Amino acid sequence: MHHLHLLIRPVTALSAIALLALAAGCSKSTDTGTAGPASLATSQTTSAPQAKTASKLGDLSAFRTIAADVAAIVDKGDLPAARTRIKDLEVAWDSAEAGLKPRAADDWHMLDKAIDPALSALRTDAPNQTDCKKAMADLLITFDSLQAKL
Amino acid sequence: MNTLTTPSISNWLNKVPEVTLSFWVIKIMSTTVGETGADFLAVNAGFGQGMTRTAMGALLAVALFMQLRTRRYTPWIYWLTVVLVSVVGTQITDLLTDGLGVSLYVSTSAFAVALAGIFAVWFWVERSLSIHEIFTRRRELFYWSAILCTFALGTAAGDLATEAIGLGFTWGAVSFGSLIAITYAAWRMGGNAVLTFWIGYILTRPFGAALGDMLTQAKTYGGLGMGAMWTSALFLTVIVMLVAVAQFSVGSRRNTQAAE
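All values reported here derive from a predicted model rather than from experimental measurement.

What counts, and where the lines are drawn
Residues numbered from 1 in each chain as written. Chains lettered and ligands numbered in written order. Predicted model: local features only at pLDDT ≥ 70, side-chain atom pairs only at ≥ 80, totals over all residues. Helix = DSSP H or I, 4+ residues; strand = E, 2+ residues; numbered from the N terminus. Rg over C-alpha atoms; globule rule 2.2 N^0.38 Å. Buried ≥ 20, exposed ≤ 12 C-beta atoms within 10 Å, placed from the backbone. Contact = placed C-beta atoms within 7 Å. pLDDT = per-residue confidence, 0-100. Core = buried A, V, L, I, M, F, W, Y, C linked by C-beta atoms within 7 Å.

1. Thoughts on the overall build of chain B
Each helix and strand counted, chain B has nine helices and zero strands in total. On C-alpha atoms alone, chain B measures out to a radius of gyration of 19 Å, which is about the 18 Å that the 2.2 N^0.38 rule sets for 260 residues. Principal-axis analysis of the C-alpha atoms gives chain B an extent of 60 × 35 × 35 Å. Residues counted as buried form 42% of the 260 residues belonging to chain B. In chain B, the proportion of contacts linking residues at least 24 apart, taken out of those at least 6 apart, comes to 74%.

Take a look at the structure:
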């Protein structure tokens, strides 16, 4: 027990180095794009019809799907359910910030600013279907405009 | 007065830990854990930014109160305070950036100037910026002000690098890690200890953030895909282990000294 502290320094240094090397190795092989939507964004250039799901931020389809889902629920008039579902978008979007933002910070902010009003509209004390529909429509337009930009 | 600087007594009286590898590891990891925790409360738990900020501010006040009141360095209180200072420092920058629309260029510069100001006043009043002699309440307040400012500055600088040059977390970890290594080398080659310590300290904020992102982010974004929960659990485990070792070794050292 006395000598535990003597081990700490080499152990922490070695684990830190191993962890960094592992992470760098794993992340680099994904970056060079053997598979995955990230490579889709970089390899697709001019063909507009094919670039439906890609944008400067990469593949946003997962987020757009949730947004479309929420819009559909809002259209049906079930605002509490829409409020629950849009939380999935918020959590997913928030957790991917560090991965997405560096790719195109301005685009990220644009989409982030479009998500906020949708969240507020659904989270007010007495949500209004017209406002929610508009917010969701604007959000989907923003998604599409980002994907069209490529 | 000279007896205060005898090594064994200064160890006894210094309110803050010695700068060891363990110190840096805990510091880096506690940054990540603090940020993930605050994020969890604000988003996942649904408390929102405003309430989370208030809660963290209140917790910091309590922790700082406890830390200032202790007569000697008590690892678990010190590191709890560091985690909370980290969170609040980050939140201050986020409030400026997201809440008030302040440009990251402006906030980075402002915090750099503020930090320089803190050091200027600290040195003017105490004639020493040594972190090995934080014996008085006043010195400790300077210390914690500087620490808070380094977290705000580190957050702003890291965010600025992401937004201005698209620096992702992998290259961010490499860049900030390299800068830290260079700072360390500069110190070993005779560079000013105070300057290199604080520069290193600032840099560990964006480094810790990048490291955390490398572990949490999904594989499609080039991360390891561990997710926030598992990464936080891992880091928290390491922190608790290292702080426990520190607490134990501080305790046994003082018992030995007291027995002499």
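Moving on, there is more to tell.
2. Description of the overall build of chain A
Within chain A one finds seven helices and zero strands. Along chain A, helices (α) and strands (β) appear in the sequence α-α-α-α-α-α-α when read from the amino end. Put simply, 62% of the contacts in chain A that link residues at least 6 apart link residues at least 24 apart.

3. Side note on the confidence of the model for chain A
On average, chain A scores 79 in pLDDT, and the residues at 70 or more come to 64%. For residues 28-51 of chain A, every residue scores under 50 in pLDDT, and the model assigns this stretch 28 contacts once sequence neighbours within four places are set aside.

4. Some remarks on the nonpolar core
In terms of nonpolar packing, the biggest core is built from 61 residues, with B:Leu84, B:Val85, B:Val88, B:Ala152, B:Phe207 and B:Ala210 touching the most fellow members. Residue assignment for this core shows that the elements contributing at least two residues are helix H2 (21-44), helix H3 (48-69), helix H4 (75-99), helix H5 (104-126), helix H6 (137-165), helix H7 (169-188), helix H8 (193-216) and helix H9 (227-259) of chain B. If we skip the residues at most four places from it in the chain, B:Phe207 touches B:Ile28, B:Ala173, B:Phe176, B:Gly177 and B:Ile180. Counting residues in hydrophobic clusters, the runner-up holds 28 residues, among them A:Ala67, A:Ile86, A:Leu100 and A:Ala114.

5. Some words on the environment of B:Asn255
Residues and elements named next belong to chain B. Structurally, Asn-255 is set in helix H9. Take Asn-255: there are 9 C-beta atoms within 10 Å of it, and that puts it in the exposed class. Measuring from C-alpha to C-alpha, the distance between Asn-255 and Phe-176 comes to 40 Å, with 79 residues separating the pair along the chain.

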